[in-house]
Amino acid sequence: NTSNKPTNAVEGMTSSDEAAAAQQAGEAFSTWLPTWYETVLNLLAEERRQASTVFGPADAPEIVVKVLREAFRPILPSFQSRLETVFSSSPAAPARGSFEAIGSVYESTLRFLSLAYELVAGSFLDVVESGSAKTGD
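Values in this document were obtained by computation on a predicted structure and should not be read as measured data.

(A) The arrangement of the overall build of the chain in detail. Across its full length, the chain carries four helices and zero strands. Counting helices and strands in the order they occur from the N terminus, the chain gives α-α-α-α. The burial tally for the chain puts 23% of its 137 residues in the buried class. In the chain, of all internal contacts separated by at least 6 residues, the share reaching a separation of at least 24 is 66%. Taken as a whole, the chain presents about 9400 Å² of accessible surface, with 59% of it coming from carbon and sulfur.

Written out as structure tokens, the structure is:
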């Protein structure tokens, strides 16, 4: 290609266009994230119920933790990339999302982690309180 025209849309973007696009992407992500977290929590609750039925309540918390870990393992790079659209982890790169978007992502993530912990810890406490915890492992 010998013309001076950009070969793709990104090359033709000005820094203000890039900033606006990054901000839009960050806001879209912060809107989508709570819904996705809610879906994951619902799936974990169902997994807990099924694990309790199939493997017994004593094994359910461990299974739920393994399911959560294995569900996130393949998407971690993509998830990190999407988070980077809102806030860069590089000290040299400025934050790209608005303060509200960054706060929303933080709040959603904190809420998700808290509810996921309650789901797992609640399962474990139910087992301990019922006296059906495994012994001698």
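After that view, the rundown keeps rolling.
(B) A look at the packing of aromatic side chains. For the structure on display, the rule yields ten aromatic pairs. In this structure an aromatic cluster arises from ring pairing among F29, W32, W36, Y37, F72, F79 and F112.

(C) Representation of the pattern of salt bridges in the model. On inspection of all chains with the given rule, the structure shows four salt bridges. The partner of R111 in a salt bridge is E38, with the nearest N and O atoms 3.4 Å apart. Highlighted residues: R111 in helix 4 (residues 99-130) and E38 in helix 1 (residues 15-55), separated in sequence by 73 residues.

(D) Representation of the nonpolar core within the structure. In terms of nonpolar packing, the biggest core is built from 16 residues, with F29, L33 and F112 touching the most fellow members. Of all the secondary-structure elements, those providing two or more residues to this core are helix 1, helix 2 (60-72), helix 3 (76-86) and helix 4. The residues contacting L33, other than those within four sequence positions of it, are F79, V105, S108 and T109.

(E) Focus on helix 2. The terminal C-alpha atoms of helix 2 lie 18 Å apart, and with 13 residues this matches the ideal 18 Å at 1.5 Å per residue to within 8%. Listed in full, the buried residues belonging to helix 2 are A60, P61, I63, V64 and F72. The buried residues of helix 2 occupy one face: seen down the axis, they fall within an arc of 160°.

(F) Expanded view of the environment of V64. With respect to the element layout, V64 can be found in helix 2. It is 9.6 Å that separates the C-alpha atoms of V64 and R49, two residues lying 15 residues apart in sequence. Ignoring anything within four residues of it in the chain, the contact list for V64 reads L44, E47, R48, L119 and V120.

(G) Structural view of the side chain of S30. Tracing the chain through its elements places S30 in helix 1. On the basis of relative accessible area, S30 is assigned to the buried category, the value being 8%. Of the polar contacts made by the side chain of S30, one reaches the backbone oxygen of E27; its length is 3.0 Å. In contact with S30, other than residues within four places in its own chain, are A101, S104 and V105.

How each quantity is defined
- Residues numbered from 1 in each chain as written.
- Predicted model: local features only at pLDDT ≥ 70, side-chain atom pairs only at ≥ 80, totals over all residues.
- Heavy atoms only, no water.
- Helix = DSSP H or I, 4+ residues; strand = E, 2+ residues; numbered from the N terminus.
- Buried < 20%, exposed > 50% of the residue type's maximum accessible area, 1.4 Å probe, protein only.
- Contact = heavy atoms within 4.5 Å.
- Areas by Shrake-Rupley, 256 points an atom, 1.4 Å probe, with all protein chains shown as cover.
- Phe/Tyr/Trp six-rings, centres within 6.5 Å; stacked < 30°, edge-to-face > 60°.
- Salt bridge = Lys/Arg side-chain N within 4 Å of Asp/Glu carboxyl O.
- Core = buried A, V, L, I, M, F, W, Y, C linked by side-chain atoms within 4.5 Å.
- Expected span 1.5 Å × (residues − 1).
- Arc of directions from axis to C-beta.
- Polar contact = N/O pair within 3.5 Å; in protein donor to acceptor, adjacent residues only side chain to side chain.

The analysis is restricted to geometry; functional conclusions fall outside its scope.
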